[in-house]
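Summary of structural features
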Amino acid sequence: MAEPTKVITEIFGPFQDSINAEQDIRELIRSIMKDVEKSLRETVIAMQVIHSEVNCEYIHHSLLKARSLFEEVQKGFDELDKTVPPGQYYRYNDHWRFSTQRLCFLAALIVFLEKGFLIDQVTAAQMLGLHDKENIHLDLEDYLHGLLNLASELVSFVFSCSRGALCIHIYAQARFAVNSVTLGDYSRPLQISKFVAELNAGFRLLNLKNDSLRKRFDALKYDVKKIEEVVYDISIRGLTPKASAEDAAD
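Residues numbered from 1 in each chain as written. Predicted model: local features only at pLDDT ≥ 70, side-chain atom pairs only at ≥ 80, totals over all residues. Heavy atoms only, no water.

A separate point is the nonpolar core. Phe77, Leu80, Trp96, Ile119, Leu128 and Phe203 are the most contacted members of the largest nonpolar core, which totals 55 residues. Those elements giving two or more residues to this core turn out to be helix H1 (4–46), helix H2 (56–83), helix H3 (89–92), helix H4 (97–115), helix H5 (121–128), helix H6 (140–162), helix H8 (188–204) and helix H9 (212–236). Once you skip the residues sitting within four places of it in the chain, Ile119 turns out to touch Ala107, Ala108, Val111, Ala124, Met127, Tyr143 and Leu147. (Core = buried A, V, L, I, M, F, W, Y, C linked by side-chain atoms within 4.5 Å. Buried < 20%, exposed > 50% of the residue type's maximum accessible area, 1.4 Å probe, protein only. Helix = DSSP H or I, 4+ residues; strand = E, 2+ residues; numbered from the N terminus. Contact = heavy atoms within 4.5 Å.)

Structure, rendered in C-alpha cells:
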C-alpha cells in the first residue's frame, strides 16, 4: 500500500507544475505587452501635432508616424500569438483587453482623420495585426468599446469647447475637435455631430445585454443630445457655412 505522503505528492505535484507553467506564460505576456503599450503611448505622442496645427502637411506627417508605430504593435501581437496556448484566448486576454480597446480607438481616430468615416472591425484587426492569427483575435466587444470611446470623447470635448471650457483628456481625437473649433473650424462640430449620430444609429441595431458595453452605449445616447445642443448654439450664431449646417440637419 502506498504511503499517504507519496500519494498526495503524486496527485498535487502535477498541479504545481501546471501553475508554474501558467505563471511563466503570464510573465511572458506581460513582457510582450510592455512593448505594445510603449508603442501605444508613442502613437498618442506622435499625434499631438494635430492639436496645435491646421497645416495639412504636418497632420499628414503625424498620421504617417502613427501608422508606422502600428507596425510595431503588429510585431508585438505576432509574438503574443506564439505565446498564448491554442484554445486559451479567454484565459489570458485580461492582459491585453484594455490596450486593445485603446488601440482600436487610435485606429478609428486615424481612419476618421484620414477618410472621415468609421473603421470596420476587419480593418481595425488588420491595423493591429490581429486579422490572421491562430490563437488571438480582435474581440468584437473590444472593437465596440473602442468606437464608443471615440464617440464619447468627441462629444464631450466639443460640448466643453462650446461653453468656453478647455479641458485635457488622454484621447487625441477629442482634443483635436476642440482645437479645430478654437482655430476657427466651426464645421468640425457639424461633421462630428453627423458621425456620432450615425454611430448611435448603428449601436441601436444591437441587442446589448446589461453589461459594461450596454452602460457605455447608454452614455452615448446622452452625448448625442449634448452635441445637438452644440450644433444648435453654433448655428444660431451664424458661425457655420450654410451648406454644412444643412448637411448636419439632414
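This next bit is on the environment of Ala107. Tracing the backbone through its elements, the reader meets Ala107 in helix H4. Judged by its relative accessible area of 0%, Ala107 falls in the buried class. For the pair Ala107 and Leu147, spaced 40 residues apart in sequence, the C-alpha to C-alpha distance is 9.6 Å. Excluding its chain neighbours within four sequence positions, the residues that come into contact with Ala107 are Phe70, Ile119, Met127 and Leu128.

Further remarks concern the confidence of the model for the chain. Close inspection of predicted coordinates is inappropriate for parts of the model with low pLDDT. Residues of the chain with pLDDT of at least 70 account for 77%, and the chain-wide mean is 80. Confidence scores differ between elements of the chain, with helix H7 (residues 172–182) showing the lowest mean pLDDT of 46 and H5 the highest of 96. (pLDDT = per-residue confidence, 0-100.)

Glancing now at the pattern of salt bridges. If you walk through the whole model with that rule in mind, you get 11 salt bridges. Note that Glu22 is salt-bridged to Arg91, the shortest N-O span being 2.6 Å. Highlighted residues: Glu22 in helix H1 and Arg91 in helix H3, separated in sequence by 69 residues. Residue Glu22 is classed as buried on the basis of its relative accessible area, which comes to 17%. Note that Glu42 and Lys38 form a salt bridge whose closest N and O atoms lie 2.6 Å from each other. Within this pair, Glu42 and its partner Lys38 are both found in helix H1, separated by 4 residues, close to a single helical turn. Residue Glu42 is classed as partly exposed on the basis of its relative accessible area of 30%. (Salt bridge = Lys/Arg side-chain N within 4 Å of Asp/Glu carboxyl O.)

Turning our attention to H8. The terminal C-alpha atoms of H8, which comprises 17 residues, lie 24 Å apart, in line with the 24 Å expected from a rise of 1.5 Å per residue. Along H8, the positions that sit buried rather than exposed are Arg188, Pro189, Leu190, Ile192, Ser193, Phe195, Val196, Leu199, Asn200 and Phe203. (Expected span 1.5 Å × (residues − 1).)

With that settled, the discussion passes to the side chain of Ser99. Examined against the element boundaries, Ser99 turns out to sit in helix H4. The buried category is assigned to Ser99, whose relative accessible area is 5%. Among the polar contacts listed, one links the side chain of Ser99 to the side chain of Glu37, at a separation of 3.1 Å. (Polar contact = N/O pair within 3.5 Å; in protein donor to acceptor, adjacent residues only side chain to side chain.)

Here a ring pair, both rings aromatic, is described through the centre-centre distance and the interplanar angle of the planes. Tallying each qualifying case throughout the model produces 4 aromatic pairs. Here Phe112 and Phe195 contribute two aromatic rings whose centre-to-centre distance is 4.6 Å and whose plane-to-plane angle is 55 degrees, an arrangement assigned as tilted. Here Phe195 lies in helix H8 and Phe112 lies in helix H4, a separation of 83 residues in the sequence. Both residues of the pair, Phe112 and Phe195, belong to the buried class. (Phe/Tyr/Trp six-rings, centres within 6.5 Å; stacked < 30°, edge-to-face > 60°.)

Moving on, we come to the packing of H2 against H5. Two elements in contact, H2 and H5, have axes whose closest approach is 7 Å; the angle formed by their N-to-C orientations is 80 degrees. On the basis of their axis angle, the class for H2 and H5 is roughly perpendicular. Side by side, H2 and H5 meet where Arg67, Phe70, Val73, Gln74 and Phe77 of the first sit next to Gln126, Met127 and Leu128 of the second. Partitioning the contact of H2 with H5 into residue classes produces 5 nonpolar, 2 polar and 1 charged. (Axes fitted to C-alpha atoms, helices over the stretch in contact; angles between N-to-C directions. Parallel < 35°, antiparallel > 145°, perpendicular 65-115°, else oblique. Nonpolar A, V, L, I, M, F, W, Y, C, P; charged D, E, K, R; others polar.)

Among the secondary structure elements, Asp81 is positioned in helix H2. The side chain of Asp81 sits in the buried core without any salt bridge; Lys133 is the nearest counter-charge, 6.0 Å away. A distance of 3.3 Å separates a polar atom in the side chain of Asp81 from the backbone nitrogen of Ile136. In this view, Asp81 contacts Lys133, Glu134, Asn135 and Ile136; residues no more than four positions away in its chain are not counted. (Lys, Arg positive; Asp, Glu negative; His and termini not counted.)

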